[in-house]
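The primary structure of each chain is shown beneath.
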Amino acid sequence: MLNYLWAGMILVGIIFGAFTGRMQDITNAALDSSKEAVTLCITMIGVMSFWTGIMEVASKAGIIEMASRKMHPLIRFLFPNMPEGHKAEKHISTNFIANFLGLGWAATPAGLRAMEELRNLEEDRRSRKVSGAVRKKGIASNEMCTFLIINISSLQLIPVNVIAYRSQYGSADPAGIVGAGIVATAVSTGTAVVFCRLMDRRRN
């Protein structure tokens, strides 16, 4: 759908430029934007490599595992029906930590593994007919919905992406967004948690 949307916008822009005699401006904008996109990608690759490396070092040093243990009470609160010590817990914790540091690209692999483990948990429940009722195949479990919503809201302490973008485009204070980012993501995450708990009660 997005492919059609972007293609339509580009087509409309070209047609408008042709009818208004501004094709030269469109051509110049396309060339300048291409150059800018490459420069931005190089900048983001450097930032991504640095922070992904930091996450890998933290993982090898046991810091991620220690932080996961500290987050156990929070995970139990958010996912009360998930079995104690389930495989998904470690991946969920890693995803939350990466998002907390603003490392969306580092959070994605852990998020995918967490969702896969939650799906396996739901399939296991379905095969055992939890609470005497057969769960319909293809319907996300409470845990899957909760994880997805909280992952999307993603509380962030350091919005690395935004800071990198602001630095790339010449901001005088690239990190000036940190305070507003913390407040905004704290509100969105708090709202997500309240919504998930209310929906859990309705579904149960």
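It should be noted that the structure appears before, not after, this text.
Residues numbered from 1 in each chain as written. Predicted model: local features only at pLDDT ≥ 70, side-chain atom pairs only at ≥ 80, totals over all residues. Heavy atoms only, no water.

Participant: Any chance you could explain the side chain of H86 here in plain terms?
Facilitator: Along the chain, H86 falls in the loop between α4 (72-78) and α5 (88-100). Those residues in contact with H86 that lie beyond four places of it in its chain are E117 and L121. (Helix = DSSP H or I, 4+ residues; strand = E, 2+ residues; numbered from the N terminus. Contact = heavy atoms within 4.5 Å.)

Participant: Looking at this model, I keep getting lost on α5. Mind explaining?
Facilitator: Since the α-helix turns once every 3.6 residues, residues separated by three or four places project in the same direction. Its 13 residues place the ends of α5 18 Å apart at the C-alpha level, agreeing with the 18 Å of an ideal helix rising 1.5 Å per residue. Burial analysis of α5 places 11 of its 13 residues in the buried class, the great majority of the element. Residues of α5 that are buried include every one of A88, E89, H91, I92, S93, T94, N95, F96, I97, A98 and N99, and no others. Count one or two residues on from α5 and you reach G102, which has phi positive near 75 degrees. (Expected span 1.5 Å × (residues − 1). Buried < 20%, exposed > 50% of the residue type's maximum accessible area, 1.4 Å probe, protein only.)

Participant: Would you mind going over the pattern of salt bridges with me for this structure?
Facilitator: Side chains that differ in sign of charge can pair as their charged atoms come close. Applying the stated criterion across every chain, the model contains two salt bridges. Across the pair D25 and R22 runs a salt bridge whose closest N-O atoms are separated by 3.4 Å. Taking relative accessible area as the criterion, D25 reaches 43% and is therefore assigned partly exposed. E84 is the salt-bridge partner of R76, the closest N and O atoms lying 3.5 Å from each other. (Salt bridge = Lys/Arg side-chain N within 4 Å of Asp/Glu carboxyl O.)

Participant: Mind showing me how you'd approach the packing of aromatic side chains here?
Facilitator: Here a ring pair, both rings aromatic, is described through the centre-centre distance and the interplanar angle of the planes. Applying the stated criterion across every chain yields a total of one aromatic pair. Both rings, one in F96 and one in F147, keep their centres 6.2 Å apart while their planes meet at 25 degrees; by these two values the pair is stacked. Here F96 is found in helix α5, whereas its partner F147 is found in helix α7 (residues 142-153), with 51 residues between them in sequence. What makes F96 buried here is its relative accessible area of 11%. Taking NZ or CZ as reference, R197 lies 4.6 Å from the ring centre of F77, over its face. (Phe/Tyr/Trp six-rings, centres within 6.5 Å; stacked < 30°, edge-to-face > 60°. Lys NZ or Arg CZ within 6 Å of the ring centre and 35° of its normal.)

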